[in-house]
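# Overview (structure and organization)
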Amino acid sequence: MDAVHYTSTRGGGTPRTFSEILLEGLAPDGGLYLPDHYPQVSADELESWRFLSYADLATEVLARFCDDIPLDDLRDIVHATYTPEVFGNARAGDDSAEIAPLHLLGEENGTQLFLLALSNGPTLAFKDLAMQLLGNLFEYQLARVGRELTILGATSGDTGSAAEYAMRGKHGIRVFMLSPHGRMSPFQVAQMFSLNDPNIVNLAVEGVFDDCQNIVKRVTEDAAFKVDHSIGVVNSINWARIVGQVIYYFHAWLRATDGPGQAVSFTVPSGNFGNVCAGHVARMMGLPIDTLVVATNENNVLDEFFTTGVYRMRPPADTFHTSSPSMDISRASNFERFVFDLVERDPVQLADLYRALDTDGYIDLSGTDAFARVAEFGFVSGTSTHADRVATIRSIDARYGITVDPHTADGLKVAREHLTPGIPMIALETAQPAKFGAIIDEALGHPPERPHSFEGLEAREQHFEVVPNDVDTIKRLIVERTAG
Ligand SMILES: *Cc1c(COP(=O)(O)O)cnc(C)c1O
């Protein structure tokens, strides 16, 4: 196998190894890291993986990207990550005891419709699958280089709790997580604030989510402070989070097919384009994927791109607050990785396009060869609204007796518009309905069931500090708490 090196989509810097980019977000030139080539998996290799456990499959896939981590170490990290203890929160009624169970819903339009359950982790959302891996990789790498890391994050609910549950108790890591005081759902608040680990600090900021994000931005812009206090971030552009998601596309394909070369399609509820980007990577590695369906909610900048070739950012003020809130984005941060492949990995052209995005607010690829590659890569898209979510939650419940969360409902709504007879469609379940009680109640007239371990969550003792919306206060807190 050729060694894999990582370079920035904008062409700056020298090629680096996986371990060198592991703890990083953006590349220094403002681009995103990508491997210099996609490792290929042959049909024979794929067949030899058919009966592997999730952890063994994950080791095979990751070994192709993390080739500077000794294989035995990687295997240990992966096996400590994908355990039934960590991913044992299956929804009530699902006793499959798998890390990521694939459920056949039934036949629609002459094809099999599957649901890939990715939300059995500690925060009941798919982000756990990559974030738990990240926590263990970070701990390993920090020990290897003798460093400590202070993670500063801002959350409106989901990403922050996935990060906290991944980093809790990890040596060499401390987390300061900012959230908007009084603006998260009771479930989200209880999930984050019931953690009582000395290395996790929950700061409830007297402000809105944008204020929290702004504080993180201001703190990390202070280069000296960032270095002195070893500040890092865990956002969705981290490459290791993408590879952590590539694994389950392989897993699902192996479970949905029974022989070489059989194509399947996936539908992915999308926000920052991280999840579906992982599907694209899997396809580029040789996994037989027919179509990748990008499902958006009312914030449909991605659907607009896939139908017109124009990618137009929405100012945050024009971004809707919807009932699938984890997809409420104005700019899809991982989209740059896909555009890089659309322009045949030309960093100069990519940098020009993103400069235009920053100045004019849009990228126009309509009528170009680059846009023609969208079809070559198997991408299509669709939009789902609040009414669609409600209708889909009802129809999936009525037809299959399964309750799905609103993000998954967006996916299923759009999946149904792209069914091809004979090609199995796998819809990704990105969260459990237990996290989004209001819309489930609206659709079905009763609250969602919870996994047993979440009974009484809101009654647990909560640990957090209310802090003013003020950068200096946060900096002082970081200095105080990281000393000694
Ligand atoms: C983060 C998230 C998404 C969007 O995923 P991206 O990788 O940002 O496209 C969809 N659904 C849920 C429940 C999420 O938490």
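Look up a bit, the structure's there.
Quick summary incoming for the structure in this document. (Residues numbered from 1 in each chain as written. Predicted model: local features only at pLDDT ≥ 70, side-chain atom pairs only at ≥ 80, totals over all residues. Heavy atoms only, no water.)

## Here's the deal with the packing of helix H5 (residues 127-145) against helix H10 (residues 239-256)
- Packing of H5 against H10 leaves a shortest axis separation of 8 Å and a crossing angle of 125°. What the angle tells us is that H5 and H10 run oblique. Crossing hand, H5 versus H10: right-handed. Residue-level contacts link Lys-127, Leu-129, Ala-130, Met-131, Leu-133, Leu-134 and Leu-137 of H5 to Ala-240, Arg-241, Gly-244, Gln-245 and Tyr-248 of H10.
- Within the contact of H5 with H10, the residues separate by chemical class into 8 nonpolar, 2 polar and 2 charged. (Axes fitted to C-alpha atoms, helices over the stretch in contact; angles between N-to-C directions. Helix = DSSP H or I, 4+ residues; strand = E, 2+ residues; numbered from the N terminus. Parallel < 35°, antiparallel > 145°, perpendicular 65-115°, else oblique. Left-handed = near helix turned anticlockwise from the far one by under 90°. Contact = heavy atoms within 4.5 Å. Nonpolar A, V, L, I, M, F, W, Y, C, P; charged D, E, K, R; others polar.)

## Let's talk about the site of the ligand
- Near the ligand there are 14 residues, and of these Lys-127, Gly-271, Asn-272, Asn-275 and Thr-430 occur at the shortest range.
- In this structure, an oxygen atom belonging to the ligand sits 2.9 Å away from a main-chain N or O atom of Asn-275.
- Thr-430 is positioned such that a nitrogen or oxygen atom in its side chain is 2.9 Å from a nitrogen atom of the ligand.
- Within the complex, the protein chains bury 96% of what would otherwise be the 380 Å² of accessible surface of the ligand.
- Residue composition of the shell around the ligand, by class: 5 nonpolar, 8 polar and 1 charged. (Near = heavy atom within 4 Å. Polar contact = N/O pair within 3.5 Å; in protein donor to acceptor, adjacent residues only side chain to side chain. Areas by Shrake-Rupley, 256 points an atom, 1.4 Å probe, with all protein chains shown as cover.)

## Focus: the sheet that holds strand S3 (residues 102-108)
- If you trace the 6 strands from one edge of the open sheet to the other, you get S3-S4-S14-S9-S10-S13, paired in mixed fashion. Among the strands making up the open sheet, the edge pair consists of S3 and strand S13 (379-383). Each adjacent strand pair in this sheet contributes to an overall mean axis angle of 25°, direction not counted.
- The pairing of strand S9 (residues 264-269) with strand S10 (residues 289-296) spans 5 bridges and is parallel. Opposite Pro-269, over in S10, you have Ala-295 as the bridge partner.
- Running over the sheet, helix H11 (residues 274-284) touches S9, S10, S13 and strand S14 (425-429) and is turned about 170° from S10.
- Its contacts with the sheet put helix H16 (residues 386-400) on S3 and S13, and the angle it makes with S3 is roughly 95°. (Pairing = 2+ DSSP bridges.)

## A word on the packing of aromatic side chains
- Enumeration over the complete set of coordinates arrives at 24 aromatic pairs.
- On the numbers, 5.3 Å between centres and 10° between planes, the contact of Phe-306 with Phe-379 is stacked. With Phe-306 in helix H12 (residues 301-308) and Phe-379 in strand S13, the pair connects residues that are 73 residues apart, well separated along the chain. You'll find Phe-306 and Phe-379 in the same group, each marked buried. (Phe/Tyr/Trp six-rings, centres within 6.5 Å; stacked < 30°, edge-to-face > 60°. Buried < 20%, exposed > 50% of the residue type's maximum accessible area, 1.4 Å probe, protein only.)

## Focus: the environment of Ala-375
- With respect to the helices and strands, the residue Ala-375 is situated in helix H15 (residues 369-376).
- In this structure the C-alpha to C-alpha distance between Ala-375 and Phe-306, which are 69 residues apart in sequence, comes to 9.2 Å.

## Topic: the pairing of S14
- Along S14, 5 of the 5 residues are buried, which leaves the element largely enclosed by surrounding structure.
- Burial of S14 is two-sided: the residues Met-425, Ala-427 and Glu-429 facing one way and the residues Ile-426 and Leu-428 facing the other way are all buried.
- With 5 bridges connecting them, strand S4 (residues 111-117) and S14 associate as parallel partners. Counted as the bridge partner of Leu-116 is Leu-428 from S14.
- In this structure, S9 lies alongside S14, joined through 3 bridges in parallel fashion. Pairing of Ser-265 across the sheet is with Met-425, part of S14.

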